[in-house]
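Listed below, chain by chain, are the residues.
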Amino acid sequence: MSTKTLQGVKHLVAVASGKGGVGKSTVTANLAAALTRQGKRVGILDADIYGPSQAMMLGIKAGTRPEIIGEKQMKPLTAQGIQMNSMALLATDDTPMVWRGPMASGALQQLLFSTVWDDVDILLIDMPPGTGDIHLTLTQAAPLDGAVVVTTPQDIALIDARKGIEMFKKVSVPILGLVENMAYYQCPSCGNKDAIFGEGAGKRLAEVASAPLLAQIPLNRQVQERADQGEPIAFDDSLLNDVYGQAAAQLINQLAGEPEQTASISFSDD
């Protein structure tokens, strides 16, 4: 399958996990926010067709529809400086996508290539969980510059993340980096960091993928709360903005072919 040219986009990056429930969509939204804060024009294609959430995370009101241009094109919505399009914007909240793989893959290709992206530096594709038809179609048809793989420290998440990495390797899509989400919990009172789900998994997976560990994101209730409110926390001046900002800076360097820097955390026994 040959790739098509994607007009209006400089770099196209898939954000994948191989497994659901690891916070991939939240990471995507906050990574987009951090990239925007660093002066990049950013877009998100919400390819998680069976469970799209980017519209809610960016604060787009339910029922908002993209503007149709001509007969076959549409203009992405812009929220908080981020361009975004999603199958969720073309259906109601109560409409389930009861589609077989080939139909879903075709719809997403049409969504990607029919959207008139406006001079986007980095377009993030929020991929659905798994390694099925949708993944293979997009990785083979879209001109991807690479992929970011999101995992959590648990062994069960790492197993699926490895499968995702192998899928990208099979279709010759480079792994630009790993993000270890929920890597640790930091006590708001004493500042002590506790790796409650295990320690070192992200670094080991990065070694397997021969890719940098972009960031280790802490488990923090405010991340979920702000996502539900449609205001990604990475827009704030906070510790979490620093962590997401580190991931964004390293991703920019990877796309530019510059040397990587490894993310790291330390734990205290105090």
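For clarity, every value in this text was computed on a predicted model and none was experimentally measured.

(A) Structural view of the pattern of salt bridges. For the coordinates displayed, the defined rule picks out 8 salt bridges. Of the charged contacts in the structure, one is a salt bridge between Asp121 and Lys10, with a shortest N-O distance of 3.1 Å. Placement of Asp121 in strand β7 (residues 120-126) and of Lys10 in strand β1 (residues 9-16) is noted, with a sequence separation of 111 residues between them. Glu225 serves as the salt-bridge partner of Arg221, at 2.8 Å between the closest nitrogen and oxygen. With Arg221 and Glu225 both in helix α7 (residues 221-229) and 4 residues apart, the pair spans about one turn of that helix. Each of Arg226, Glu231 and Asp236 takes part in one network of salt bridges that share partners.

(B) Structural view of the pairing of strand β9 (residues 175-180). Most of β9 is tucked away, with 6 of its 6 residues classed as buried. Relative to β9, strand β8 (residues 146-151) runs parallel, the two being bridged by 5 bridges. Looking across to β9, one finds that Thr151 is bridged to Glu180. With helix α5 (residues 155-170) bridging β8 and its parallel neighbour β9, the resulting β-α-β unit is right-handed. Bridge count for β9 against strand β12 (residues 213-216) is 3 bridges, and the pairing is parallel. Within β12, the position partnered with Glu180 by the bridge is Gln216.

(C) Just helix α8 (residues 239-256), in detail. Given a rise of 1.5 Å per residue, 18 residues ought to cover 26 Å, and the 26 Å separating the end C-alpha atoms of α8 matches this to within 8%. All of the buried residues along α8 are Leu240, Asn241, Val243, Tyr244, Gly245, Ala247, Ala248, Gln250, Leu251, Ile252, Gln254 and Leu255. Just past α8, the residue Gly257 takes up positive phi, approximately 75°.

(D) Structural detail: the packing of helix α1 (residues 24-37) against α8. Between α1 and α8, the least distance of the axes is 8 Å, while the angle of their chain directions is 75°. Comparing their axes, α8 and α1 come out roughly perpendicular. Contacts between α1 and α8 involve Val27, Asn30, Leu31, Ala34, Leu35 and Arg37 on the former and, on the latter, Asn241, Tyr244, Gly245, Ala247, Ala248, Leu251 and Ile252. By residue class, the composition of the contact of α1 with α8 is 9 nonpolar, 3 polar and 1 charged.

(E) A look at the nonpolar core. Phe168, Ile175 and Leu178 are the most contacted members of the largest nonpolar core, which totals 41 residues. Once you skip the residues sitting within four places of it in the chain, Phe168 turns out to touch Ala14, Ala16, Thr139, Ala147, Val149, Val173 and Ile175. Counting residues in each nonpolar core, the second largest holds 40 residues, with Ala34, Ile217, Leu240 and Ile252 among its members.

(F) Layout of the environment of Pro76. Residue position: Pro76 is located in the loop between β4 (73-75) and β5 (77-79). A residue is classified by how much of its surface remains accessible, and Pro76, at 7% relative accessible area, is buried. In this structure the C-alpha to C-alpha distance between Pro76 and Thr115, which are 39 residues apart in sequence, comes to 6.3 Å. Contacts of Pro76, omitting those with residues within four sequence positions, involve Gln83, Met84, Thr115, Val116 and Trp117.

(G) Up close: a nonpolar patch on the surface. Among the surface-exposed residues, Tyr185, Ile196, Phe197 and Leu219 lie close enough to one another that they form a single nonpolar patch of about 320 Å² accessible area. Topologically, Tyr185 is positioned in strand β10 (residues 185-186).

(H) Representation of the confidence of the model for the protein in the model. Per-residue confidence for the protein averages 84 on the pLDDT scale, and 89% of its residues sit at or above 70. In the predicted structure, residues 262-270 sits below a pLDDT of 50 and forms 23 contacts with residues beyond four places in sequence or in another chain.

(I) Quick look at the sheet that holds strand β2 (residues 42-46). Spatially, the 8 strands line up as an open sheet ordered β5-β6-β2-β7-β1-β8-β9-β12, and their pairing is mixed. With partners counted over all chains shown, the strands left at the sheet margins are β5 and β12, one partner each. Strand-to-strand twist across the sheet, computed as the mean angle between neighbouring axes with direction ignored, equals 25°. The pairing of β5 with strand β6 (residues 82-86) spans 3 bridges and is antiparallel. What sits directly across from Leu77, in β6, is Met84. Its contacts with the sheet put α5 on β1, β8 and β9, and the angle it makes with β8 is roughly 170°. Lying over the sheet, helix α6 (residues 201-209) contacts β8, β9 and β12, oriented at roughly 165° with respect to β9.

Conventions adopted
Residues numbered from 1 in each chain as written. Predicted model: local features only at pLDDT ≥ 70, side-chain atom pairs only at ≥ 80, totals over all residues. Heavy atoms only, no water. Salt bridge = Lys/Arg side-chain N within 4 Å of Asp/Glu carboxyl O. Helix = DSSP H or I, 4+ residues; strand = E, 2+ residues; numbered from the N terminus. Buried < 20%, exposed > 50% of the residue type's maximum accessible area, 1.4 Å probe, protein only. Pairing = 2+ DSSP bridges. Right-handed = clockwise from strand over helix to strand, strands pointing away. Expected span 1.5 Å × (residues − 1). Axes fitted to C-alpha atoms, helices over the stretch in contact; angles between N-to-C directions. Parallel < 35°, antiparallel > 145°, perpendicular 65-115°, else oblique. Contact = heavy atoms within 4.5 Å. Nonpolar A, V, L, I, M, F, W, Y, C, P; charged D, E, K, R; others polar. Core = buried A, V, L, I, M, F, W, Y, C linked by side-chain atoms within 4.5 Å. Patch = residues over 30% accessible without salt bridge, like charges linked within 9 Å, V, L, I, M, F, W, Y side chains within 5 Å. Areas by Shrake-Rupley, 256 points an atom, 1.4 Å probe, with all protein chains shown as cover. pLDDT = per-residue confidence, 0-100.

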